[in-house]
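Single-letter residue listing:
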Amino acid sequence: MICERCSDNVHFVEKCEYCGKMVCVNCEKSAKRLKKVTRLVICKDCWGKLSVRKKFKSA
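Please read these numbers as outputs of a predicted model, since none were measured by experiment.

## Quick notes on the overall build of the chain
Then comes step 1: Along the backbone of the chain there are two helices and four strands.
Then comes step 2: In sequence order, the chain lays out its α and β elements as β-β-β-β-α-α.
Then comes step 3: The C-alpha radius of gyration of the chain comes to 11 Å, within 12% of the 10 Å expected for a compact globule of 59 residues.
Then comes step 4: With the principal axes as the frame, the chain shows a C-alpha extent of 30 × 25 × 15 Å.
Then comes step 5: Buried positions account for 29% of the 59 residues belonging to the chain.
Then comes step 6: Of the contacts formed within the chain by residues at least 6 apart in sequence, a portion of 25% connects residues at least 24 apart.
Then comes step 7: By element, 50% of the accessible surface of the chain is carried by carbon and sulfur atoms, the whole surface being about 4200 Å².
Then comes step 8: Averaging the positions of the 15 positive and the 6 negative side-chain charges in the chain gives two centres separated by 9 Å.

Next up, the structure:
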C-alpha cells in the first residue's frame, strides 16, 4: 500500500478522519479510541490547522 501523504510504500495505512487521506504510521500525528472499535486518526497536515485540531481534541 502507498501512503497518500509521503508516497512511501508501507504495509499498514489508516484513514485520517479529517482530510480523508490514507496515511502511514510515520505521517500519523495522533490517534485515540472513542469506543472499542472506533479509532480517530489525525495526520500531521491536519494537526497544523487549529480548527481541525480542536475538533480532534474535543472528541
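## Remarks on the nonpolar core
Considering soluble globular proteins, one finds that nonpolar side chains tend to be buried as a cluster.
Then comes step 1: Val 23, Ile 42 and Cys 46 are the most contacted members of the largest nonpolar core, which totals 15 residues.
Then comes step 2: Broken down by secondary-structure element, the contributors of at least two residues to this core are strand S4 (39-43), helix H1 (44-47) and helix H2 (50-58).
Then comes step 3: The dominant element in this core, judged by the number of residues it contributes, is S4, at four residues.
Then comes step 4: Not counting residues within four places of it along the chain, the set of residues in contact with Cys 46 comprises Cys 16, Tyr 18, Cys 19, Val 52 and Arg 53.

Conventions and cut-offs
- Residues numbered from 1 in each chain as written.
- Predicted model: local features only at pLDDT ≥ 70, side-chain atom pairs only at ≥ 80, totals over all residues.
- Heavy atoms only, no water.
- Helix = DSSP H or I, 4+ residues; strand = E, 2+ residues; numbered from the N terminus.
- Rg over C-alpha atoms; globule rule 2.2 N^0.38 Å.
- Buried < 20%, exposed > 50% of the residue type's maximum accessible area, 1.4 Å probe, protein only.
- Contact = heavy atoms within 4.5 Å.
- Areas by Shrake-Rupley, 256 points an atom, 1.4 Å probe, with all protein chains shown as cover.
- Lys, Arg positive; Asp, Glu negative; His and termini not counted.
- Charge placed at Lys NZ, Arg CZ, Asp CG, Glu CD.
- Core = buried A, V, L, I, M, F, W, Y, C linked by side-chain atoms within 4.5 Å.

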